[in-house]
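So the chains spell out like this:
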Amino acid sequence: MKYLQKISALLICAIVLFSCNSKNTSSVSHISVDLTIKRFDKDLFLLKETQDFSQFKKEYADFLPLFSYKVIGLGNPDDPNYMEYLNQFLNDSTMNQVASEVAKVFPNLEEDEADLEQAFKYLKYYFPERNVPKVFAQISGFNQSVVVAEDLIGISLDKYLGEDCEFYSLLATPLYARKNMIPERVSQDVILAYGLTEFPFTPKTDDLISNMIYQGKIRYFVSKLMPGKSEAEAMKYTQEQLDWCKNNEDLIWGYIIEQKHLFNTQYRTIIKYINDGPFTPGMPEDSPSRTGIWIGLQIVKEFMEKNKDYSLSDLMKENDYAMILRSSSYQP
């Protein structure tokens with residue numbers, strides 16, 4: 001009898017947990033999205049053999065100008081000398097080594113396709129009017145990790161080869177930055193870049209608190225489109241770094257208030273709290289960087305909890321960050 005009671009108790013707990021998760025995550029099973037990441041990177045380097053640029057340009061008519069202008073800076077693909085410029089990039093010995101490494105680390109992108117397909121289902125759920133962008137893989141020569149334009153996204157796979165990648169050592173990429181240059185960050189960085197591009201920062205006042213809440217809002221957006229990601233993942237923190245923030249939340253907030261930085265509009269002050277780095281300047285060296293963004297995320301969560309009538313769409317359009325702070329009644 002006791003055994004049966006234990007089984008019943010476990011079943012009840014499982015049902016309760018499932019119910020809680022169901023309340024926190026909206027179902028998107030009815031939304032149809034078919035997403036494929038096109039391997040522009042592979043097809044580009046195949047041009048060395050085929051030299052069939054006209055067919056390549058036709059196949060990638062929508063993405064090639066974005067890549068050419070914004071990523072590798074070669075200009076107009078219709079330029080009569082364009083193939084000459086492009087061949088210099090394709091025949092560069094380092095770029096060929098990079099292409100080989102990308103092919104090894106990313107033989108396919110099935111996991112990222114699945115993650116992004118699910119994320120864009122949530123995009124259509126919260127923003128039905130928005131188009132699902134076309135997504136392309138690229139080799140950027142270690143430029144932007146993700147580039148976003150209207151209905152187009154390019155992912156620089158050479159920026160996600162793993163923290164021990166030799167190229168990053170040669171480029172003197174800081175160790176703290178390399179920790180997030182890993183394959184597991186690809187899909188999340190796509191949604192982060194999409195959020196930053198589609199919902200730009202247009203504050204009433206460009207001060208620290210507005211920057212903190214805006215950046216927190218973007219992380220909240222990421223968490224809503226990727227509900228399977230933990231808060232640590234949404235912040236690109238380790239679990240230990242997130243625990244530090246939770247355990248020292250009053251210290252972070254108190255320091256900002258004590259320094260009278262909350263409404264400071266100086267760029268050098270603002271970036272201390274929102275830029276990447278080994279730690280947050282002015283705080284203990286075991287602190288993570290971007291603690292201002294984490295506080296901003298907590299303020300947004302409090303605001304959304306207290307304002308149930310606010311949809312995600314309403315939040316992303318809201319640029320009165322002082323109002324969000326007041327309405328959140330945030331106190332660590």
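Going by the structure above, here's the rest.
Residues numbered from 1 in each chain as written. Predicted model: local features only at pLDDT ≥ 70, side-chain atom pairs only at ≥ 80, totals over all residues. Heavy atoms only, no water.

**Describing the overall build of the protein chain**
So, step 1. Helix and strand content of the protein chain: 18 helices and 4 strands.
So, step 2. Along the first, second and third principal axes, the C-alpha set of the protein chain runs to 70 × 60 × 40 Å.
So, step 3. When the 332 residues of the protein chain are sorted by exposure, 48% land in the buried category.
So, step 4. Pairs at least 24 apart in sequence give 64% of the contacts found in the protein chain among residues at least 6 apart.
So, step 5. With the model as given, the accessible surface of the protein chain reaches about 17,100 Å², and the carbon-plus-sulfur share is 50%.
So, step 6. Separation between the mean location of the 35 positive side-chain charges and that of the 46 negative ones in the protein chain comes to 5 Å. (Helix = DSSP H or I, 4+ residues; strand = E, 2+ residues; numbered from the N terminus. Buried < 20%, exposed > 50% of the residue type's maximum accessible area, 1.4 Å probe, protein only. Contact = heavy atoms within 4.5 Å. Areas by Shrake-Rupley, 256 points an atom, 1.4 Å probe, with all protein chains shown as cover. Lys, Arg positive; Asp, Glu negative; His and termini not counted. Charge placed at Lys NZ, Arg CZ, Asp CG, Glu CD.)

**Let's talk about the sheet that holds strand S1 (residues 37-38)**
So, step 1. The sheet built from 4 strands is open, its strands ordered S1-S2-S4-S3 with mixed pairing. At either end of the open sheet lies a strand with only one pairing partner, and these are S1 and strand S3 (146-149).
So, step 2. Summarising the sheet, S3 and strand S4 (residues 152-156) pair through 4 bridges and their orientation is antiparallel. Bridged to Val 146 within S4 is Ile 155.
So, step 3. Each of strand S2 (134-138), S3 and S4 is contacted by helix H4 (residues 64-71), which is oriented at about 120° to S3, the strand it contacts most. (Pairing = 2+ DSSP bridges. Axes fitted to C-alpha atoms, helices over the stretch in contact; angles between N-to-C directions.)

**Observations concerning the packing of helix H11 (residues 208-225) against helix H16 (residues 291-306)**
So, step 1. Two elements in contact, H11 and H16, have axes whose closest approach is 7 Å; the angle formed by their N-to-C orientations is 70°. By the criterion of interaxial angle, the relationship of H11 to H16 is roughly perpendicular. Between H11 and H16, the contacting residues are Ile 209, Met 212, Ile 213, Gln 215, Gly 216, Lys 217, Arg 219 and Tyr 220 on the first element and Gly 292, Ile 293, Ile 295, Gly 296, Leu 297, Ile 299, Val 300, Lys 301 and Met 304 on the second.
So, step 2. Classifying every residue of the contact of H11 with H16 gives 10 nonpolar, 4 polar and 3 charged. (Parallel < 35°, antiparallel > 145°, perpendicular 65-115°, else oblique. Nonpolar A, V, L, I, M, F, W, Y, C, P; charged D, E, K, R; others polar.)

**As for the packing of aromatic side chains**
So, step 1. This model, assessed by the stated rule, comprises 25 aromatic pairs.
So, step 2. Relative to Phe 136, the ring of Phe 63 has its centre 4.4 Å away and its plane inclined at 15°; by these criteria the two rings are stacked. Here Phe 63 is found in the loop between helix H3 (53-59) and H4, whereas its partner Phe 136 is found in strand S2, with 73 residues between them in sequence. The pair formed by Phe 63 and Phe 136 is uniform in burial state, with each residue classed as buried.
So, step 3. Both rings, one in Tyr 122 and one in Tyr 126, keep their centres 6.5 Å apart while their planes meet at 25°; by these two values the pair is stacked. Residue Tyr 122 and its partner Tyr 126 are both found in helix H7 (residues 110-126); the two are separated by 4 residues, about one turn of the helix. Considered together, Tyr 122 and Tyr 126 belong to a single accessibility category, that of buried residues.
So, step 4. Directly above the aromatic system of Tyr 60 lies the positively charged group of Lys 38, at a separation of 5.0 Å from the ring centroid.
So, step 5. Here the guanidinium or amino end of Arg 130 rests over the ring plane of Phe 127, the centre of that ring lying 5.8 Å away. (Phe/Tyr/Trp six-rings, centres within 6.5 Å; stacked < 30°, edge-to-face > 60°. Lys NZ or Arg CZ within 6 Å of the ring centre and 35° of its normal.)

**Some thoughts on the nonpolar core**
So, step 1. One finds Leu 44, Ile 155, Phe 221 and Leu 225 to be the most contacted residues of the largest nonpolar core, which totals 103 residues.
So, step 2. Counting residues per element, this core draws most heavily on H11, which supplies 10 residues.
So, step 3. Among residues more than four places away in sequence, those in contact with Leu 225 are Gln 118, Ala 119, Tyr 122, Leu 123, Tyr 126, Ile 191 and Leu 312. (Core = buried A, V, L, I, M, F, W, Y, C linked by side-chain atoms within 4.5 Å.)

**A short note on the layout of surface pockets**
So, step 1. Computed from the structure, the second largest pocket encloses a volume of approximately 550 Å³.
So, step 2. Along its surface, the second largest pocket is lined by 20 residues, and Ser 145, Asp 189, Leu 192, Lys 236 and Asp 276 are the ones closest to its centre.
So, step 3. With 4 residues, helix H10 (residues 186-198) is the largest single contributor of residues to the lining of the second largest pocket.
So, step 4. Its residues assigned to classes, the lining of the second largest pocket comprises 9 nonpolar, 5 polar and 6 charged. (1 Å grid on protein atoms, 1.4 Å probe; cavity = no way out; pocket = protein on both sides within 12 Å on 5 of 7 lines; lining within 4 Å. Points joined across faces, edges and corners; volume = space filled by probe spheres on them.)

**Regarding the pattern of salt bridges**
So, step 1. If you walk through the whole model with that rule in mind, you get 12 salt bridges.
So, step 2. Between Lys 306 and Glu 302 there is a salt bridge, with its nearest N and O atoms 3.0 Å apart. Pair noted here: Lys 306 and Glu 302 are both in helix H16, with a separation of 4 residues, about one helical turn.
So, step 3. Classification of Glu 302 as partly exposed rests on a relative accessible area of 32%. (Salt bridge = Lys/Arg side-chain N within 4 Å of Asp/Glu carboxyl O.)

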